[in-house]
Amino acid sequence: MPKGQESRWVSSAQRSGLLGHLATPAARSPLRVREPRRLPRSLESDEVIALFQGLRTYRDRAMAGLMLYCGLRAGEVLALRIRDVDIGGRWLLVLGKGSKERRVPLDVDVAGVIQTYLLAERPESDEQRLFLVAKGANRGLPLTAAGLRTIFRYHREISGVPDGHPHALRHTFGSALAASGVDLSIMRELLGHAHVNTTARYIHLVPAHVKSEYDAAINRQKQSH
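Let me sum up the structure you'll find in this document. What you see is a predicted model; the values in this text were computed from it and never measured. (Residues numbered from 1 in each chain as written. Predicted model: local features only at pLDDT ≥ 70, side-chain atom pairs only at ≥ 80, totals over all residues. Heavy atoms only, no water.)

### Notes on the overall build of the protein chain
- Helix and strand counts for the protein chain come out as 10 helices and three strands.
- In the protein chain, the order of α-helices and β-strands from amino to carboxyl end is α-α-α-α-β-β-β-α-α-α-α-α-α.
- Buried positions account for 34% of the 225 residues belonging to the protein chain.
- Restricting the contact set of the protein chain to residue pairs at least 6 apart, pairs at least 24 apart contribute 53%.
- Put simply, the protein chain shows about 14300 Å² of open surface, and 53% of that area lies on carbon and sulfur atoms. (Helix = DSSP H or I, 4+ residues; strand = E, 2+ residues; numbered from the N terminus. Buried < 20%, exposed > 50% of the residue type's maximum accessible area, 1.4 Å probe, protein only. Contact = heavy atoms within 4.5 Å. Areas by Shrake-Rupley, 256 points an atom, 1.4 Å probe, with all protein chains shown as cover.)

### Points about the environment of E47
- Structurally, E47 is set in helix α2 (residues 45-53).
- The exposure class assigned to E47 is buried, which follows from its relative accessible area of 16%.
- Sequence separation between E47 and V161 is 114 residues, and the spatial gap between their C-alpha atoms is 6.1 Å.
- In this structure, E47 is in contact with R41, S42 and V161, ignoring residues within four places of it in sequence.

Structure follows, in structure tokens:
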């Protein structure tokens, strides 16, 4: 589609001649081509295993677990406060995009890792944020987005999983929900999407699930005849 200033849409023939500077720009089409937004590739099971085997601290295991088994965004993990985590009831109060809150079930294994982190590893601090810097001059301060990126960059290198980004863990969670046939409305609530169309994109990542649903529907149709 045409881009830039209107003068750039004038053909060379229109610009030729003494009065070329007065040439009328060609009408710009109202149509626009929208590039499809592609989801990152989900991680394979061996990649997940390799990535998690390199996580040496309870803090890092808990953060990765919240993304992979609870579907949290990186920013949502960093925003968690201690009081947002109900370990006994296994619930999370998550502050998502647009400051919208949602309740997300807490995986039992991730809950155990978080509890161990709180009891044995988290630095003494008055900070209410759950995940803190573990060492250095900023020890005891909330972990930042830059710090999280550094952590995952390091673990991607040592694990040999170049696609092991935080958003890849979240999308692996979403793909697992879709492959299990979880209803779109439930997926939308768990992932914190504003629009169901965003959630529906995960369906395209699981063709095997689509095929199985198709086969089941055709079999029911045949049996009714």
